[in-house]
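Summary of the model geometry
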Amino acid sequence: MAYHGITECFMKDDKNFSAVVVTDGSGSPRSGIYADCSNEHMMTIRKKEQKTAAVIGDYAAQIFLDLPSSIVQDQSDRKTIDELKEIILKTRPDVIYTHNLADKHDTHVAVALRLITALKELNYMPDAFYGCEVWRGLDWMCDNEKISLDASGRPNLEAALLGVFDSQISGGKRYDLAVTGRRLANATFSQSHGVDDMEKIIYAMDLLPLLDNRDIGDYVIGYIDRFKEDVSNRLKNLK
């Protein structure tokens, strides 16, 4: 999701990348050698994998909140918001990557919503605030509204970072192939009448306007409505 940020900061003296894993990973799907792992064992394995990724990716910090998804999704629980506020104040990020608000994973959407609340309560305005692809791609967005994050660089680093998560890959989900395939497809199909400017692209939704008290539902549905209008107009014009 945030590979663009990792490469932007990798081995740089003036930039630092920090990662926050909000939930504990206890609900991970598992098979093969991981099939009989308890939730507690899986949590330990996934944390070890994420720490390894932080070393490979030259992260400045790797933070674990270890929260169950039920707490993150609970609109009345303040724990996620308060912990994110503390992290924001300590790290003072210029650029923030999170999940997009059209994602189909409830916990991912909840994380993004709690983060938006944390930023608004702090009145904290980063330079950029990206909602990135994970459990739903953003290729459907109108081209002029997509943020295209270049993921072309350092394919060896990309492969190493993705390959670290063996408990998820060998455990039944080929994220390593799927993530790279999506990035390649985004770049290839980004322009129908031009050569590729980038070899791999991660699409993101601009979440920065939501820190200015816009209605979140109206903002996200607006993207869908404009996509619907674009498709409708093309059909009318070509019929």
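Below: a short report on this structure. (Residues numbered from 1 in each chain as written. Predicted model: local features only at pLDDT ≥ 70, side-chain atom pairs only at ≥ 80, totals over all residues. Heavy atoms only, no water.)

Side note on the packing of aromatic side chains
What characterises a pair of aromatic rings is the spacing of the ring centres plus the angle enclosed by the ring planes. This structure, assessed with the given rule, holds five aromatic pairs. Plain terms: the ring middles of Trp 135 and Tyr 175 are 6.3 Å apart, the flat faces sit at 90 degrees to each other, and that makes the pair edge-to-face. Taken together, the positions of Trp 135 in the loop between strand S4 (128–132) and strand S5 (147–150) and Tyr 175 in helix H8 (residues 175–188) put the pair 40 residues apart, joining distant regions of the chain. Judged by its relative accessible area of 29%, Trp 135 falls in the partly exposed class. Summarising the aromatic geometry, the rings of Tyr 219 and Tyr 223 are spaced 5.3 Å apart at their centres and angled 90 degrees between planes, so their arrangement reads as edge-to-face. Here Tyr 219 pairs with Tyr 223, and both are found in helix H9 (residues 216–238), just four residues apart, close to one helical turn. When sorted by exposure, Tyr 219 lands in the same class as Tyr 223, which is buried. Here the basic side chain of Lys 47 rests over the ring of Phe 64, its NZ or CZ set 5.2 Å away from the ring centre. When the ring centre of Tyr 223 is taken as reference, the NZ or CZ atom of Arg 226 above it lies at 5.1 Å. (Phe/Tyr/Trp six-rings, centres within 6.5 Å; stacked < 30°, edge-to-face > 60°. Helix = DSSP H or I, 4+ residues; strand = E, 2+ residues; numbered from the N terminus. Buried < 20%, exposed > 50% of the residue type's maximum accessible area, 1.4 Å probe, protein only. Lys NZ or Arg CZ within 6 Å of the ring centre and 35° of its normal.)

A closer look at unusual backbone geometry
Keep in mind that most residues, glycine aside, have a negative phi and that most peptide bonds are trans. Positive phi is not limited to glycine here, since Asp 66 has a value of about 55 degrees. Secondary-structure assignment places Asp 66 in strand S2 (residues 61–67).

Structural notes on the nonpolar core
The nonpolar side chains of soluble globular proteins are, as a tendency, buried together. The biggest cluster of nonpolar side chains holds 35 residues, and the ones touching the most others in it are Leu 101, Leu 115, Leu 119, Phe 129 and Met 205. Tallying contributions element by element places helix H5 (residues 106–122) first for this core, with eight residues. Residues Ala 53, Ala 54, Tyr 59 and Cys 132 belong to the second largest nonpolar core, which totals 22 residues. (Core = buried A, V, L, I, M, F, W, Y, C linked by side-chain atoms within 4.5 Å.)

Let's talk about the pattern of salt bridges
Evaluated as defined, the whole model comprises 13 salt bridges. Note that Glu 121 is salt-bridged to Lys 85, the shortest N-O span being 3.0 Å. Of this pair, Glu 121 sits in helix H5 while Lys 85 sits in helix H4 (residues 79–91), and the two are 36 residues apart along the sequence. Residue Glu 86 pairs with Lys 90 through a salt bridge whose shortest N-O separation is 3.1 Å. On the criterion of helical spacing, the pair formed by Glu 86 and Lys 90 is a turn pair, its members being four residues apart in helix H4. For Glu 86, a relative accessible area of 43% translates into the label partly exposed. Salt bridges here are not isolated pairs; linked through shared partners, they connect Arg 78, Asp 82, Lys 85 and Glu 121. (Salt bridge = Lys/Arg side-chain N within 4 Å of Asp/Glu carboxyl O.)

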